[in-house]
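Remarks on the overall topology
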Amino acid sequence: MPREPEPHAPESQDPDDQLIVSENLNGRYPWRDPAKQVPYGIVLLVAARLKWSPDAVLVRLGELGYADVQRPEGPLPDAVEPDDATLLQSAERRWGLKPVDVGTTVSLRQIVDSAARAERSPADVARRMTAYGYRVGTGARPLPETANPRDLGLIRVDRRGKWLGWGDEVSGHHVLGVAQELSCSPHLAAVRLIELGLRLPFTPEPADERLLKYADVPGGGWIGRWGSAPVAHILAVARDTGRPPADIVARLSELGCQRPGGNVPDTSEPDDLVLLSENLDGRTPWLMKNDVVGLQVRHILRAARITGRTPAQVAERLAALGHWLHENANLPETAEETDIRLLETVNRSYLDDVHLEDVLRSASLTGRSPADVAARLTALGYRLPDEVTYPEVLPGVRAA
Amino acid sequence: MSYVHHVERFYGLPAFNFPPYADPADLPPADAVAWRLDREPYENEESAEDCWKRFTESVDLAKVRAIIFGQPWYDGDGGLGTDDLVGLAPRLTGLEALFLGDLEDEQAMISTIYLGDLAPVLAAFPGLRELGLRGGDGLDFPVSGHDQLRVLRVESGGLPPDSVERIAAARLPSLERLELWLGDENYGGGVTVEQLAPLFAGEGKPALRHLGLQNSFIQDELAGAVASATVVPQLTSLSLSMGALSDEGAAALLEGQPLTHLQELDLSFHFMSQEMMLRLWTALEPAGVRVDLSVRHQPEPDDWDEDGFYIAASE
């Protein structure tokens, strides 16, 4: 059975001609339809590939029957650098070959995407595109002269196809969000976004860096889009910088942060940072406010032993700082190490029932009898609803 | 409560998501973290190919100790697999730990995560000391050739019986910890006690100190086998957690060979009665065995399931 002729196949067997009229510039089917306009970007890509002038490409296209060829508003460039071919490919390509459209202003996303692919600076890419007759709406300021692989991530509004455009207003919320996704400093992200011609509701300041970093963990520790600054972080920044806590809170709000996780006092007490640190050492990680179950009693007891306050005094100060204690909790008058050790084994909150299996687990981990554990947890305010007789048996000494 | 979460620590290192469009200046030292590679399948997400390229260009590969692969290297549709990883073996000279298939429930059902043939990975990294796997679909585990492996953990909602059989029969002379989530036969599982016979006999794994046979409906049968298994005296800890362990299995443990040499016996997530929990605890704890009986469940029989037992992770 004879093969169907390929639509729009060229009569010329010249490899250059076949490349020119092939849709994917590979000299093979599918062939370009002469009834459709040839995009200007194709002219440039052919010129780059064959090392011809764009004018020569236009002439040959005409000779091959392609009369309708898109042109830029200005004159044609004399030549196209082969290395620039990458810049002429649309960032919106999903498959096949799609050149950048000269009929519309080149988008910020296109410039940034091309820069990333070519490992060149956005300014360099914009200059090259302008030289080829494209309109690049860079806004008022020049684009950055340094390449940065993160640029594409910075201008990503969401993961489903939306990007920031030239001169768009960007919220602090966006800055915090992208910085979190990219594991980079929100301050550096803000600076770079401005360099890319975007507008922010605040002027980034180097001091923001300290305000926005609340933990020292690999690649992060920055306050994120939905995170709120722990009170201790604000107090620590105030101590380190001499700025009033209220000033820090106001600046964090400008930067897009949520309200602080707790009450920020006008004046702090000497051991506030100790009370507000997870390890009671006055350093990160800071105590995060728990709005569901409240404070852990073991934290209060440990804090009492370290600061010399009574458990009630610790609870009172932490309450003033916004960390509340569940109403069921019975705070002992003194902080005993045995209670702390016991409470470290309890993973139930005051909202939960403590069952036999939880008591047995705590007994196992503390070396106390289940009966002793059950009695002490009851005294501390936990609910133990199981009607069982808790054994007096002690766990044995563990093998080495 | 789901038992399937992203790995937070691996090989003693904090897991660190290799960020999209990463700038090398922001990255931690190569040997300080377990590198997680994971990309969501969204239009604007950096592609897996670009992510991998950037990872290999920005991280000092010779110093990398642990890598965790998530989506799309592994997923319910087959995934990209580890060809790129295997190809890079000559540069990953310090790699000692791999976790394959670190996906959570909302990314893919655990039973659908395709693992495939592990032989090329194990052959490419003979110095691997820890291997974590999540999924099980298509899992092919070679019987020998990984003498350095210390830890093997397979998290599955339905581990193919022939895969379990091969792992049970595998010669792993350095293996100290083996954890197998056996899963549900409705989701690809269904291993039998007989298929685990080499494991119970202690064959091929002389260094084994921890054995976990978890997350199955046959926990009672497994407990029965453990009661007389030759391997048990060499263990320091044993886990029969996450499954349908009932009073029957617990009684078998109590009536079988002594377990008082164990340091830990993890039976958490179970269906035992309170009486049986107390019997077990009072029998073993005074001897120094730390018994974990937390997360007790009650059977929930209905028209479709007369027994009403369930396991921690299946779909």
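All figures in this text were calculated on a predicted structure; none of them were measured in a lab.

Observations regarding the environment of F271 of chain B
Residue and element names in this part refer to chain B. Checked against the element boundaries, F271 lands in the loop between strand 11 (264–266) and helix 8 (274–284). Judged by the 24 C-beta atoms lying within 10 Å of it, F271 falls in the buried class. With 26 residues separating them in the primary sequence, F271 and L245 have C-alpha atoms 5.7 Å apart. What F271 contacts, discounting residues up to four positions off in sequence, is A244, L245, S246, H297, P299 and F309.

Points about the domain arrangement of chain B
Residues and elements named next belong to chain B. When cut into domains, chain B gives domain 1 (1–140) and domain 2 (151–315). Taken over C-alpha atoms, the centre of domain 1 sits 28 Å from the centre of domain 2. Tallying the contact residues gives 16 residues for domain 1 and 19 residues for domain 2. In terms of residue class, the side of domain 1 that touches domain 2 is built from seven nonpolar, four polar and five charged.

A closer look at the interface of chain A and chain B
In this assembly, 33 residues from chain A lie in contact with 34 residues from chain B. Of all the elements in the fold, those that place two or more residues in the side of chain A that touches chain B are helix 6 (151–154), helix 7 (172–182) and helix 16 (356–366) of chain A. With six residues, helix 16 of chain A is the largest single contributor of residues to the side of chain A that touches chain B. Across the side of chain A that touches chain B, the residue classes tally to 14 nonpolar, eight polar and 11 charged.

Comments concerning the sheet that holds strand 11 of chain B
Sheet strands associate in pairs through backbone hydrogen bonding, adopting either a parallel or an antiparallel arrangement. Residues and elements named next belong to chain B. In space, the 12 strands of this open sheet follow the order 1-2-3-4-5-6-7-8-9-10-11-12, with mixed pairing throughout. A strand with exactly one partner marks an edge of an open sheet, and here the two such strands are strand 1 (9–10) and strand 12 (290–292). Across three bridges, strand 10 (residues 237–239) lies against strand 11 in parallel orientation. Across the sheet, L238 pairs through a bridge with L265, a residue of strand 11.

Quick notes on the environment of R36 of chain B
Relative to the elements of secondary structure, R36 of chain B occurs in strand 3 (residues 34–37). In sequence terms R36 of chain B and I67 of chain B are 31 residues apart; their C-alpha atoms lie 5.9 Å from each other.

Focus: the environment of D102 of chain B
Residues and elements named next belong to chain B. Mapped onto the elements, D102 comes out in the loop between strand 5 (97–100) and helix 3 (119–124). Taking the C-alpha atoms as reference, D102 lies 6.0 Å from F69; in sequence the two are 33 residues apart. In this structure D102 touches H6, V7, R36, D38, I68, F69, G70 and R134, once residues within four positions along its chain are discounted.

Some points on the UniProt feature "domain: wHTH-Hsp90 Na associated" (unreviewed entry) in chain A
Residue and element names in this part refer to chain A. Under the feature "domain: wHTH-Hsp90 Na associated" (unreviewed entry), the UniProt entry names residues 14–66, 80–134, 147–198, 203–256, 269–323 and 352–382. With 48% helix and 0% strand, the stretch residues 147–198 has end C-alpha atoms that lie 17 Å from each other. Taken end to end, residues 269–323 has its terminal C-alpha atoms 16 Å apart, with 45% of it in helix and 0% in strand.

Let's talk about the nonpolar core
Counting 196 residues, the largest nonpolar core has A34, W35 and I67 of chain B as its most contacted members. Looking at this core, the element that brings in the most residues is helix 2 (residues 40–50) of chain A, giving eight residues. Taken together, domain 1 (1–140) and domain 2 (151–315) of chain B each give at least three residues to this core, which thus spans both. Among all residues touching A34 of chain B, those that are not within four sequence positions of it are F10, Y11, L13, P14, A15, F16, A66, I67, I68 and A97 of chain B.

Brief notes about the packing of helix 6 (residues 219–226) of chain B against helix 7 (residues 247–255) of chain B
Residue and element names in this part refer to chain B. Direction vectors running N to C along helix 6 and helix 7 enclose 5°, while the axes themselves pass 8 Å from each other. In terms of orientation, helix 6 and helix 7 fall into the roughly parallel class. On helix 7, the residues touching Q219, D220, A223, G224 and V226 of helix 6 are E248, G249, A250, A252 and L253. Tallied by class, residues from the contact of helix 6 with helix 7 come to five nonpolar, three polar and two charged.

Topic: the pairing of strand 5 of chain B
Residues and elements named next belong to chain B. Residue alternation in strand 5 divides its side chains into two sets, A97 and F99 and L98 and L100, and both sets are buried. Of the strand pairs in this sheet, strand 4 (residues 66–69) and strand 5 are connected by four bridges, and their pairing is parallel. Each bridged residue has a counterpart across the sheet, and for A66 the counterpart in strand 5 is A97. Both strand 5 and strand 6 (residues 130–134) contribute to a ladder of four bridges, which runs parallel. Its bridge partner being in strand 6, F99 is matched across the sheet by G132. Regarding topology, helix 3 serves as the crossover connection from strand 5 to the parallel strand 6, and that connection is right-handed.

The rules we used
Residues numbered from 1 in each chain as written. Chains lettered and ligands numbered in written order. Predicted model: local features only at pLDDT ≥ 70, side-chain atom pairs only at ≥ 80, totals over all residues. Helix = DSSP H or I, 4+ residues; strand = E, 2+ residues; numbered from the N terminus. Buried ≥ 20, exposed ≤ 12 C-beta atoms within 10 Å, placed from the backbone. Contact = placed C-beta atoms within 7 Å. Domains from an automatic or database assignment. Nonpolar A, V, L, I, M, F, W, Y, C, P; charged D, E, K, R; others polar. Pairing = 2+ DSSP bridges. UniProt positions renumbered as here; feature names shortened; annotations may be inferred. Core = buried A, V, L, I, M, F, W, Y, C linked by C-beta atoms within 7 Å. Axes fitted to C-alpha atoms, helices over the stretch in contact; angles between N-to-C directions. Parallel < 35°, antiparallel > 145°, perpendicular 65-115°, else oblique. Right-handed = clockwise from strand over helix to strand, strands pointing away.

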